[in-house]
Amino acid sequence: MKGNREESRPFGSISDIEARFAAEGYIADRMLATTLFLSASLGKPLFLEGEPGVGKTEIAKVMARALDTELIRLQCYEGLDSNAALYEWNYTRQLLELRLQEARGVDRAHIGDNLFAEEFLLQRPLLKALRSEGPRPPVLLIDEIDRSDEEFEAFLLEVLSDFQITIPEIGTLRAHHTPFIVLTSNRTREVHDALKRRCLYHWIDYPSFAREVAILRVRLPEVELRLAGQVCRFMELLRGHDFYKRPGIAETIDWARALLALGVAELNTAAVDETLGCILKYRGDSEKLYQLGLPALVETALMPGHDPAAAAKPPA
Ligand SMILES: Nc1ncnc2c1ncn2[C@@H]1O[C@H](COP(=O)(O)OP(=O)(O)O)[C@@H](O)[C@H]1O
Ligand SMILES: [Mg+2]
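Residues numbered from 1 in each chain as written. Chains lettered and ligands numbered in written order. Predicted model: local features only at pLDDT ≥ 70, side-chain atom pairs only at ≥ 80, totals over all residues. Heavy atoms only, no water.

**Considering the pattern of salt bridges**
In plain terms, the rule: Every case where a carboxyl oxygen of Asp or Glu lies within 4 Å of a side-chain nitrogen of Lys or Arg is listed as a salt bridge. Per the convention used, a helix needs a DSSP run of H or I reaching at least four residues, while a strand needs a run of E reaching at least two, with both numbered from the N terminus. Burial classification: accessible surface area is computed with a 1.4 Å probe over protein chains only, and a residue below 20% of its type maximum counts as buried, one above 50% as exposed, and the rest as partly exposed.
Scanning the entire structure with this criterion turns up 20 salt bridges. Residues R239 and E212 are paired through a salt bridge, measuring 2.8 Å at the closest nitrogen-oxygen approach. Remark: E212 occurs in helix α10 (residues 209-219) and R239 occurs in helix α11 (residues 225-239); sequence separation between them is 27 residues. For the pair R239 and E212, one class covers both residues: buried. One salt bridge connects R226 with E266, and the closest N-O pair in it is separated by 2.0 Å. Separated by 40 residues along the polypeptide, R226 in helix α11 and E266 in the loop between α12 (249-261) and α13 (269-274) bring together distant segments of the chain. Taking relative accessible area as the criterion, E266 reaches 34% and is therefore assigned partly exposed. Salt bridges linked by common partners bring R187, E190 and K196 together as one network.

The following block contains the structure:
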């Protein structure tokens, strides 16, 4: 079923998205806001790709809050199959129904006739999103699709292509309204072109210094502008190096929180050393950081030239 006009154009403009996301604590840049706007207006799934911790999953959560609708999440993993993603038969309920029919004295020839009806399905996320009867279309988050197998991808392609599901015993179930679909990938492998073709694609990069300061200030208003600038500058420097796992925005927020808890007002080598576990989560990476020279990196992060005050206003 096609959504009505209000359903298919839930946002007035690109700026409207930026504002509503900001109100929910998410700083979206113009390109992301444009893609979100188009995705919502055209009813096309959104495919978000990027390193871990750059804010992909959060977009679906914020979208659901901004649209005041339900978030339905399918976390992908290796071996994920249609039973876990789509539906299963509720054997217990079927068995119970059988007993009830026997007790009611239903004609033997007709016992069990209605056992494969929609009411005996256990809805898994995809079916749940398709059959959702809420006042507004739900947001369906298919998270970390790169973790699933290629067979699952092919199956997903079918579901996404026409928002309907065929259950052999029942027939074809169509979506009550088209969900807003967000797929994410950490790009541990390439996702098939055919799947990407069905979606609007957006690559999320690490934020610029200015944006990261803005994010940090929104998420952690207690952090002083000066410290926020030093933290984000240090993160920017780190990401310029080839670590096994570069720190994401989640690490920036965690780290700043840790520094606040320790009463650190200005970045210094000892404080970074004590809190390194918030930033780098692999032993090899911390060793690499010491090889690079931690004091020199801290010193660079403290150098003037990056004005966090200018950065506090999100760039247009
Ligand atoms: N643009 C942003 N504005 C506000 N917070 C953000 C932004 N990007 C990321 N974050 C925060 O960073 C953390 C990691 O984001 P997440 O969505 O889990 O990353 P990913 O799914 O890409 O691994 C979350 O706490 C999220 O709220
Ligand atoms: Mg994620």
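After that view of the structure, there is still more to cover.
**Focus on the packing of aromatic side chains**
Where two aromatic rings form a pair, the distance of their centres and the angle of their planes describe that pair. Selection rule: Pairing of aromatic rings covers Phe, Tyr and Trp, the last counted by its six-membered ring, and requires centre-to-centre distances within 6.5 Å; plane angles under 30 degrees mean stacked, over 60 mean edge-to-face, and any other angle means tilted.
Tallied over the full model, the rule gives seven aromatic pairs. Arranged with centres 5.9 Å apart and planes meeting at 20°, the rings of F47 and Y201 form a pair that is stacked. Pair noted here: F47 is in strand β1 (residues 46-49) and Y201 is in strand β9 (residues 200-203), with a separation of 154 residues, a long-range link. Given the relative accessible area of 37%, Y201 is considered partly exposed. Note on W89 and F116: the rings are 4.8 Å apart at their centroids and 80° apart in plane angle, and the pair reads as edge-to-face. Taken as a pair, W89 in strand β3 (residues 87-89) and F116 in the loop between α6 (91-104) and β4 (121-123) lie far apart in primary sequence, 27 residues in all. W89 gets classed as buried once you look at its relative accessible area, which sits at 10%.

**What about the site of ligand 1?**
Which entries qualify depends on this criterion: For this purpose, a residue is taken to be near a molecule or strand whenever a single non-hydrogen atom of the residue falls within 4 Å of it. Under this definition, polar contacts are N or O atom pairs within 3.5 Å; protein pairs additionally need one hydrogen-donor-capable and one acceptor-capable atom, and for neighbouring residues in sequence, both atoms have to be side-chain atoms. Methods summary: accessible areas were calculated by the Shrake-Rupley approach with a probe of 1.4 Å, and residue burial reflects only the protein chains presented. Under this grouping Gly is polar, as are all residues other than the nonpolar Ala, Val, Leu, Ile, Met, Phe, Trp, Tyr, Cys and Pro and the charged Asp, Glu, Lys and Arg. Boundaries between domains were set according to an automatic or database domain assignment.
Around ligand 1, 16 residues are found, and the nearest of them are I27, G53, K56, T57 and R219. Between ligand 1 and K56, the relevant distance is 2.7 Å, taken from an oxygen atom to a side-chain nitrogen or oxygen of the residue. Measuring from an oxygen atom of ligand 1, one finds a side-chain N or O atom of R219 at 2.2 Å. Within the complex, the protein chains bury 86% of what would otherwise be the 570 Å² of accessible surface of ligand 1. Breaking the shell around ligand 1 down by element, the ones donating at least two residues are α4 (56-66), α10 and α12. Taken together, the residues that form the shell around ligand 1 break down as eight nonpolar, four polar and four charged. In terms of domain composition, the shell around ligand 1 takes at least three residues from each of domain 1 (5-85 + 124-203) and domain 3 (209-312).

**A short note on the sheet that holds strand β8 (residues 180-185)**
For the record, the criterion: Here, any two strands with at least 2 DSSP bridges between them count as paired. Fitting a line to C-alpha atoms yields each axis, with helices limited to the stretch in contact; the angle taken between N-to-C directions then spans 0 to 180 degrees. Residues count as neighbours in contact if any of their non-hydrogen atoms are within 4.5 Å of one another.
Spatially, β2-β5-β8-β1-β9 is the arrangement adopted by the five strands of the open sheet, whose pairing is parallel. The sheet is open, and its two edges are formed by β2 (71-75) and β9, each paired on a single side. Strand-to-strand twist of the sheet, defined as the mean angle between neighbouring strand axes without regard to direction, takes the value 20°. Running over the sheet, helix α3 (residues 30-42) touches β1, β8 and β9 and is turned about 165° from β9. Across the sheet, α4 touches β1, β2, β5 (139-143) and β8, and the angle it forms with β5 is around 170°.

**A look at the pairing of β5**
Put simply, side chains in a regular strand alternate between the two faces of the sheet. Burial analysis of β5 places five of its five residues in the buried class, the great majority of the element. Every second residue of β5 is oriented toward a common face, with V139, L141 and D143 on one face and L140 and I142 on the other, all of them buried. With five bridges joining them, β2 and β5 adopt parallel strand pairing. Note that in β5 the partner of R73 across the bridge is L141. Sheet topology places β5 next to β8; four bridges connect them, and they run parallel. Counted as the bridge partner of L141 is V182 from β8.

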